[in-house]
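Here is what each chain is made of, one letter per residue.
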Amino acid sequence: MSTQNLPQSPEQPPRKPRVAVVFGGRSSEHGISVVTAGAVLKAIDRTKYDVLPIGITRDGRWALTADEPDRMAIVDRLQPSVDQLADAAEGTVVLPLEPANREVVYSEPGSVPKALGEVDVVFPVLHGPYGEDGTLQGLLELSGVPYVGSGVLASAVGQDKEYMKRVFTSFGLKVGPYVVIRPREWENDESAARRRIIDFAGEHGWPLFVKPARAGSSIGITKVDDLSGLDEAIAEAQRHDPKILVEAALRGREIECGVLEFEDGPRASVPAEIPPPDAHAYYDFEAKYIDSTPGMVPAPLTGEETAEVRRLAVEAFEAAGCEGLVRADFFLTEDGGFVINEINTMPGFTPISMYPKMWQATGIEYPELVDLLVRAALRRRTGLR
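Residues numbered from 1 in each chain as written. Predicted model: local features only at pLDDT ≥ 70, side-chain atom pairs only at ≥ 80, totals over all residues. Heavy atoms only, no water.

Trainee: Help me understand the environment of serine 353, please; the structure alone is not making it clear to me.
Mentor: Within the secondary structure layout, serine 353 lies in the loop between strand S16 (338–344) and helix H11 (354–362). When its relative accessible area of 7% is taken as the criterion, serine 353 is described as buried. (Helix = DSSP H or I, 4+ residues; strand = E, 2+ residues; numbered from the N terminus. Buried < 20%, exposed > 50% of the residue type's maximum accessible area, 1.4 Å probe, protein only.)

Quick look at the structure:
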C-alpha cells in the first residue's frame, strides 16, 4: 500500500539551545556575580536561546530564580543577592551527574521532583572561590555539560595569585615583587611570618599591598603605608582567605586588556587605562562598582605600547591555558616596560565593567560578545582537549 497520499506528521522545529546562567555563589563576590548575571540575562538573544537562571545562595544552595534582570542591580549602594531572587526558600536545583543525561531537576521538600528540561551549555558568571576557581568547572566536566570560559586548571591558576605569578614567570612574563604567607606558616610562627613581610618591605619599600591570595574584585585588599597598618591589613586579608599575598607597590599606569577566543584563536581588545581614583587610595571595590570610577577606553598609549600589551595579554591567556575569555591587568612602569599584575578568567561583566567596554571599543557590542562566548562553549567538547 502506498503511503504517498497519507497525511504526513509535521516536522518538529529544532529546539533552541538552552543556556543555564549560574550566578551568586559562596564567595565574597556574591553580589557582583548577581549584577553580572543581570546584565548577561538582558543581553542573551531569546530568539536564539532558551535561558534558565540558577542562583547559588551564600550558603551553597542551588536555587531556581526569577528571570528578572532588572532586580539584579546595585541600589542605594546595596548589592543584590540570590536569596532575594529565589523562587522558594528551600527548593533545590540539581544538575545531571552523568554525561549521558543533561536533564536539570528541581525539588522542594514534600513535593515530587520536577524536570526542568535539558541544559546545553552553562554560562557560569560566578566570581571568586567556589565558582571561578575550577570547582564548578570540575563539576561541569563530570556532568559532561559544556560551559563558557576556562577549564579546571586555568580557572584554578587564574584564581590563585601565587601560582598565577609562578606560571607567568615560567613563561617569561614579567611580574612584580611579592611574598606569600601560607596559613600553616602563620599558625606555626606568627612572628616569623610577620618578620618575612617586614623584611620584604625593607627590601622593596613602603607602601605594600596586602591581599587575599584567592579573591577578586579588590575585596580584602589594603594599601599599607607603614608598619603601623600591617597587622590590621593582614587580618582583613585573612578574613577572605587564610593564604595572603603581599606585593610591592609598582609605580606606573594601570593598563587592562581583554582577550576573547575566536574560532581561529584568541585575540586581544584595544586596551584601557584605569586612572587613579580621586576619592580612593587605589582602584578598590567601591571605586570599581559603587562609585563607578571611569576608565579610559582606548588607553592613551603609543602604537608600539598598544601592540605590545595586546601581545602580552594573549601570551598570558595561552600561558595559563585559558579558554573563552580573560581580562589581563598590567602596569606600564616608569621605565616603559609592562609588568603583568593578574588575569581574571571570569572578569567583571556588568555594563560598567572594563571587559565589555574594551570589546565595545574594539567593535563588538555587549549582546554580540555574550553570543560569541555561548557559541564558543557550544563548539567546545568537555573532557581532555
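Trainee: What's the story with empty space enclosed by the protein in this structure? I'm lost.
Mentor: Take a probe with the size of a water molecule and roll it over the atoms, and the empty space left behind shows itself. Under the definition given, this model contains two cavities of 30 Å³ or more. One number sums up the size of the second largest cavity: a volume of about 50 Å³. Forming the walls of the second largest cavity are Pro124, Leu126, Gly131, Glu132, Gln137, Val148, Gly149, Ser150, Ser155, Thr345 and Met346. (1 Å grid on protein atoms, 1.4 Å probe; cavity = no way out; pocket = protein on both sides within 12 Å on 5 of 7 lines; lining within 4 Å. Points joined across faces, edges and corners; volume = space filled by probe spheres on them.)

Trainee: I keep staring at the packing of aromatic side chains and nothing clicks. Help me out?
Mentor: Each aromatic ring pair is characterised by the separation of its centres together with the angle its planes make. Summed over the entire model, instances satisfying the criterion amount to five aromatic pairs. The interplanar angle of 70° and the centroid separation of 6.3 Å between the aromatic rings of phenylalanine 123 and phenylalanine 349 together place this pair among those described as edge-to-face. Of this pair, phenylalanine 123 sits in strand S7 (residues 121–124) while phenylalanine 349 sits in the loop between S16 and H11, and the two are 226 residues apart along the sequence. Per residue, the accessibility class of phenylalanine 123 equals that of phenylalanine 349, and both read buried. Judged by centre distance (5.4 Å) and plane angle (70°), the rings of phenylalanine 349 and tyrosine 366 are edge-to-face. Note that phenylalanine 349 is positioned in the loop between S16 and H11 and tyrosine 366 in helix H12 (residues 366–379), a separation of 17 residues in sequence. Every member of this aromatic cluster is reached through a ring pair, and the members are Phe123, Phe349, Tyr355 and Tyr366. (Phe/Tyr/Trp six-rings, centres within 6.5 Å; stacked < 30°, edge-to-face > 60°.)

Trainee: In this structure, what is going on with the sheet that holds strand S1 (residues 18–24)? I would like to understand it.
Mentor: Strand pairing in a sheet relies on backbone hydrogen bonds, with the paired strands running either antiparallel or parallel. In space, the four strands of this open sheet follow the order S3-S2-S1-S7, with mixed pairing throughout. Each edge of the sheet is formed by a strand with only one pairing partner; in this case those strands are strand S3 (62–64) and S7. Ignoring strand direction, the axes of neighbouring strands in this sheet form an average angle of 30°. Here three bridges tie strand S2 (residues 50–56) to S3, and the two strands are oriented antiparallel to one another. Paired with isoleucine 56 across the strands is tryptophan 62, a residue of S3. (Pairing = 2+ DSSP bridges. Axes fitted to C-alpha atoms, helices over the stretch in contact; angles between N-to-C directions.)

Trainee: What am I meant to see in unusual backbone geometry here?
Mentor: Across residues other than glycine, the phi torsion is negative in most instances, and most of the peptide bonds are trans. With an omega of 0°, the peptide bond running from tryptophan 206 to proline 207 counts as cis. With respect to the secondary-structure elements, proline 207 resides in the loop between helix H7 (190–204) and strand S9 (208–212). Between valine 297 and proline 298 the backbone carries a cis peptide bond, its omega angle lying at -5°. Along the chain, the position of proline 298 falls in the loop between helix H9 (285–290) and helix H10 (303–319). Although it is not a glycine, aspartate 76 sits at a positive phi angle of roughly 50°. In this structure, aspartate 76 sits in the loop between S3 and helix H2 (82–85).

Trainee: Explanation requested: the pairing of S9 in the structure shown.
Mentor: For a regular strand, side-chain orientation follows a simple rule: the groups alternate between the two sheet faces. Buried residues dominate S9, accounting for five of its five residues. Where S9 and strand S10 (residues 222–224) come together, three bridges link them in antiparallel fashion. Residue leucine 208 lies in a different strand from S10, and its bridge partner there is valine 224. As defined by bridge partners, S9 adjoins strand S11 (residues 244–248) across five bridges and the pair is classed as antiparallel. By the bridge assignment for S11, valine 210 is matched with valine 246.

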